[in-house]
Amino acid sequence: MNIRLLAKRNIQGNAQRYLAYFFSIILSVSIFFIYASFIFHPDVVHANIPGGQLISRGLIAAEIVIIIFSVFFIAYSNTAFIQPRKKEFGLLTLLGMSKSQLRTLIYLEQTMVSLISILIGVGLGFLFSKLFLMAVSWLLAVEQPISFVIVPEAFVYTIVGFILLFQLLSLLSLFHIGNAEVVDLLKDKQKPKKTPFVSKWLVALSAVCLSISYYLAGTMSLNNSYRVLPIVFFVLIGTYFLFSQSIVALCSSLYRKKKSLYGGTNLITQTNLIFNIKDYSRLFFLTSIITAVILTAAGTLFMFSADLKKQGVDNIPQSIGWVENDASVYSVIEPSAVEKTLKEDGFKILYEVNMTGLPITHMLPHMRTGESNENRSLLISESDYNNAAALRKIEPAKLSGKEALYIFPYGGLDYQFVHKGEQKELHFGNRTIQVTMIGQRNQSIVAPINAATTLMVVDDQLYHEITADVPLKEMARVRGYEVKDWEESMETSSEIEQMSNNPDHNQLQTRAPIYQEMKQGSILILFIGLFVSLLFFIVQGSMMYLRVFTNLEDKKIQIHALHRLGLTKKEIRQILSAEIRILFFAPFLIGVIHAIVAYVALSNLLGSNLFVYSAMVIATYFLFQLLYYQVTKKMYERAVINSIK
């Protein structure tokens, strides 16, 4: 027997404990290798793929996230593997193994595990990289699929990077064991657990931090998106003390209710929980945050992709829209040419917009500084506005006298440039007129480009008085066409753009190309994000799996004693199921609450009701979590109950 053989047999003996760890590392290495294969692909490096550089940057960000996450996971796993084996290490030391030999044994075990994981991960990554390239080719809609080539840089960066990562974390984990005394190693598990201490101040701090974070998230909008960092800070602090203090206080109060304590197997379950909750608190904190991150990230990507069509319609009112700076002529494009092209390509025109307005200037506060700046708007009549608003099913304006309504085209920006009752001067040519503002609407009814980016709506009579002696050539004309099945009008839109006299691309706007570009980008990001979210989910589940199986031997001893006292196997299964259920679903519940608050903030930012999308994401995640729980429970129950004689 030598140290190398002993390390090999230790790995074989702890195969069940290493199972989830192996799977998680293999998945991490595989995804890292696949992403690296695309980043260093010759076609991407030489910019031969349209959109390749964009997705490459996204994959680089994903690679960084994988590395950072792998550091925490491997460090946590190394601690989880070493902690329950301290007695074993103490016996080896007592039998004559030196500290340097003990360090070598641990180092060899972790090195063998890491090398096997890396080799399998790289092999699987290489096998599936072809499928990844095919999927990316389809998403990018390239004419020729991305060729499958062997990318040496991917092998080098993946293998060398993960080996260095494992070696560094393995060396760091050796110091804790290597410096421990034999007595400490042998008696580590014999140390009695104390009743956890609860601080009322820390419980209050947890409630305050979470309340602040939820309030900030629930009232967040585009103009105060800087709140993200404070929200993350308060969520982390609040969640940590929620599990280390508030949950302990809750368990202690339940423990004092003797009536419920003596029902069924509650005494054993609650006693185990209250004395292990301190040990669980760090795991609960990590897994709840990971759950919140997975749900928020995956939900955000899915919601944005699913809500993209609505965002396109809200921000680009007509499928084709343009502004003529001289209302007396059509210098950008003739409406008849647009209508003819749409008809020839088989697109039905649902409605058209045709209105004239007077370019004006007025003072508005700057969003950040609040200082007044001169801004341009298009003055239009109440009738023209209401006609266009009716086509888009928007509430009509009601004005009289010298009242005015300011129209800002971006609904997601919750910022009031004007206020009800405010007096404002409108300047056009050498004339000035004072109006009373009835408010502001953040919605678009015509193409928000050039002179018509923002609108100032006034009463019909006032509008005619202002524009009565203004020649048509000094006014602007806004035209627009809404067509059925506009998503399919890519080629038609491109044809119309080529026909137009729009060299600076600032007078004509088509919705389909912008939508398709955003859709393609969002699908790519969603595609990348789902891989990373899957990795996070597997790692999170692995952490719970490790926590369950690292205390397997202690649990066997406890269950064997309880069985001798008269507990049936059915009651033992109830105890084990309850413990694993708490381990899996307590942090899941908190993570879901965090994610729901994040979804509310996202709904405010997008100006959409995302309840259905968020429910779908949470339900899907719950099903995966339930599956992971059932598998872990079955394996754990089998391992424990089979030990009962």
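Predicted model only: the values in this text are computed from it and were never measured. (Residues numbered from 1 in each chain as written. Predicted model: local features only at pLDDT ≥ 70, side-chain atom pairs only at ≥ 80, totals over all residues. Heavy atoms only, no water.)

1. Side note on the overall build of the protein
At step 1: When you go through the protein residue by residue, the secondary structure sums to 21 helices and 9 strands.
At step 2: Looking at the protein as a whole, 50% of its 645 residues qualify as buried.
At step 3: Restricting to contacts in the protein with at least 6 residues of sequence separation, those with at least 24 account for 82%.
At step 4: Surface accessibility of the protein: about 31600 Å² in total, with carbon and sulfur atoms responsible for 62%. (Helix = DSSP H or I, 4+ residues; strand = E, 2+ residues; numbered from the N terminus. Buried < 20%, exposed > 50% of the residue type's maximum accessible area, 1.4 Å probe, protein only. Contact = heavy atoms within 4.5 Å. Areas by Shrake-Rupley, 256 points an atom, 1.4 Å probe, with all protein chains shown as cover.)

2. Points about the side chain of Arg441
At step 1: With respect to the helices, strands and loops of the structure, Arg441 is situated in strand 6 (residues 431–442).
At step 2: The side chain of Arg441 sits in the buried core without any salt bridge; Glu395 is the nearest counter-charge, 4.5 Å away.
At step 3: Within the structure, the side chain of Arg441 is placed 2.5 Å from the backbone oxygen of Glu395, a separation counted as a polar contact.
At step 4: One polar contact links the side chain of Arg441 to the main-chain carbonyl oxygen of Pro396, over a distance of 3.1 Å.
At step 5: For Arg441, the contacting residues outside a window of four places in its chain are Tyr385, Ile394, Glu395, Pro396, Ala397, Leu405, Tyr406, Ile407 and Phe408. (Lys, Arg positive; Asp, Glu negative; His and termini not counted. Salt bridge = Lys/Arg side-chain N within 4 Å of Asp/Glu carboxyl O. Polar contact = N/O pair within 3.5 Å; in protein donor to acceptor, adjacent residues only side chain to side chain.)

3. So, the packing of aromatic side chains
At step 1: Tallied over the entire structure, the rule returns 25 aromatic pairs.
At step 2: Residues Phe537 and Tyr621 carry aromatic rings whose centres are separated by 5.3 Å and whose planes lie at 80° to one another, so their mutual orientation is edge-to-face. Taken as a pair, Phe537 in helix 18 (residues 511–550) and Tyr621 in helix 21 (residues 611–641) lie far apart in primary sequence, 84 residues in all.
At step 3: Counting every residue linked through ring pairs, the aromatic cluster contains Phe537, Phe584, Phe585, Phe588, Tyr621, Phe622, Phe624, Tyr628 and Tyr629.
At step 4: The positively charged end of Arg511 is found above the aromatic ring belonging to Trp486, 4.7 Å away from the centroid. (Phe/Tyr/Trp six-rings, centres within 6.5 Å; stacked < 30°, edge-to-face > 60°. Lys NZ or Arg CZ within 6 Å of the ring centre and 35° of its normal.)

4. Observations concerning the nonpolar core
At step 1: Grouped together as the largest cluster of nonpolar side chains are 102 residues, with contacts concentrated most on Tyr21, Tyr35 and Phe38.
At step 2: By size, the runner-up hydrophobic cluster in this structure holds 24 residues, among which are Leu379, Leu426, Met437 and Val470. (Core = buried A, V, L, I, M, F, W, Y, C linked by side-chain atoms within 4.5 Å.)

5. Details of the pairing of strand 8 (residues 476–483)
At step 1: Counting buried residues in strand 8 gives 8 out of 8 residues, a clear majority hidden from the surface.
At step 2: Residues Ala476, Val478, Gly480 and Glu482 point to one face of strand 8 and Arg477, Arg479, Tyr481 and Val483 to the other, with burial holding for every one of them.
At step 3: Pairing analysis gives 5 bridges linking strand 1 (residues 320–324) to strand 8, with the strands arranged antiparallel. Looking at strand 8, one finds that Val323 is bridged to Val478. (Pairing = 2+ DSSP bridges.)

6. Some details on a negative patch on the surface
At step 1: Negative charge collects at one region of the surface, where Glu344, Asp345, Glu491 and Glu495 lie side by side.
At step 2: Considering the arrangement of structural elements, one finds Glu495 in helix 17 (residues 490–499).
At step 3: Look at Glu495 and you get partly exposed, because its relative accessible area is 33%. (Patch = residues over 30% accessible without salt bridge, like charges linked within 9 Å, V, L, I, M, F, W, Y side chains within 5 Å. Charge placed at Lys NZ, Arg CZ, Asp CG, Glu CD.)

7. Quick look at the packing of helix 17 against helix 18
At step 1: Interhelical geometry of helix 17 versus helix 18 gives an angle of 125° and a closest axis separation of 8 Å. Overall, the two elements helix 17 and helix 18 adopt an arrangement that is oblique. As helix 17 runs across helix 18, the sense of the crossing is left-handed. Here helix 17 contributes Met490, Ser493 and Glu497 to the contact with helix 18, which in turn contributes Ala512, Pro513 and Gln516.
At step 2: Among the residues forming the contact of helix 17 with helix 18, the class breakdown is 3 nonpolar, 2 polar and 1 charged. (Axes fitted to C-alpha atoms, helices over the stretch in contact; angles between N-to-C directions. Parallel < 35°, antiparallel > 145°, perpendicular 65-115°, else oblique. Left-handed = near helix turned anticlockwise from the far one by under 90°. Nonpolar A, V, L, I, M, F, W, Y, C, P; charged D, E, K, R; others polar.)

8. Brief notes about the confidence of the model for the protein
At step 1: On average, residues of the protein score 80 in pLDDT, and 84% of them reach the 70 mark or higher.
At step 2: When pLDDT is averaged over each element of the protein, strand 7 (residues 455–458) comes out on top at 93 and helix 8 (residues 182–186) at the bottom at 52. (pLDDT = per-residue confidence, 0-100.)

9. Description of the pattern of salt bridges
At step 1: Applying the stated criterion to the full structure yields 4 salt bridges.
At step 2: A salt bridge links Asp469 to Arg431; the nearest nitrogen and oxygen atoms lie 3.4 Å apart. Pair noted here: Asp469 is in the loop between helix 16 (460–467) and strand 8 and Arg431 is in strand 6, with a separation of 38 residues, a long-range link.
At step 3: Its relative accessible area of 58% is what places Asp469 among the exposed residues.
At step 4: For the salt bridge of Arg511 with Glu482, the shortest nitrogen-to-oxygen distance reads 3.0 Å. Remark: Glu482 occurs in strand 8 and Arg511 occurs in helix 18; sequence separation between them is 29 residues. Of the two residues examined, Arg511 and Glu482, each falls in the buried class.

10. Focus on the environment of Val353
At step 1: Relative to the elements of secondary structure, Val353 occurs in strand 2 (residues 349–365).
At step 2: Counting along the chain gives 128 residues from Val353 to Tyr481, while the straight-line C-alpha distance between them is 6.4 Å.
At step 3: When residues no more than four places from it in sequence are discounted, the contact partners of Val353 are Gln318, Leu391, Val446, Val478, Arg479 and Gly480.

11. Description of the pairing of strand 7
At step 1: Side chains Leu455 and Val457 of strand 7 all project onto a buried face; the interleaved residues Met456 and Val458 project onto the opposite face, where all are buried too.
At step 2: As defined by bridge partners, strand 4 (residues 403–408) adjoins strand 7 across 4 bridges and the pair is classed as antiparallel. Across the sheet, Ile407 pairs through a bridge with Leu455, a residue of strand 7.

12. Focus on unusual backbone geometry
At step 1: Unlike most non-glycine residues, Asn450 shows phi in positive territory, near 50°.
At step 2: As for its placement among the helices and strands, Asn450 is situated in the loop between strand 6 and strand 7.
At step 3: One non-glycine residue with positive phi stands out, namely Asp485, at about 55°.
At step 4: Turning to its location among the elements, Asp485 is positioned in the loop between strand 8 and helix 17.

13. Comments concerning the packing of helix 14 (residues 335–344) against helix 17
At step 1: It is the contact of helix 14 with helix 17, at a shortest axis distance of 10 Å, that shows an interaxial angle of 155°. Taken together, helix 14 and helix 17 sit at an angle that is classed as roughly antiparallel. Helix-helix and strand crossings are classified by hand; for helix 14 and helix 17 the assignment is right-handed. Side by side, helix 14 and helix 17 meet where Ala337, Val338, Thr341 and Leu342 of the first sit next to Thr492, Glu495, Ile496 and Met499 of the second.
At step 2: Per-class residue counts for the contact of helix 14 with helix 17 are 5 nonpolar, 2 polar and 1 charged.

14. Overview of a positive patch on the surface
At step 1: On the surface, a cluster of positive charge is made up of Lys569, Arg573, Lys634 and Arg638.
At step 2: Of all elements in the fold, only helix 20 (569–606) and helix 21 reach the threshold of two or more residues within the positive patch.
At step 3: With respect to the element layout, Lys569 can be found in helix 20.

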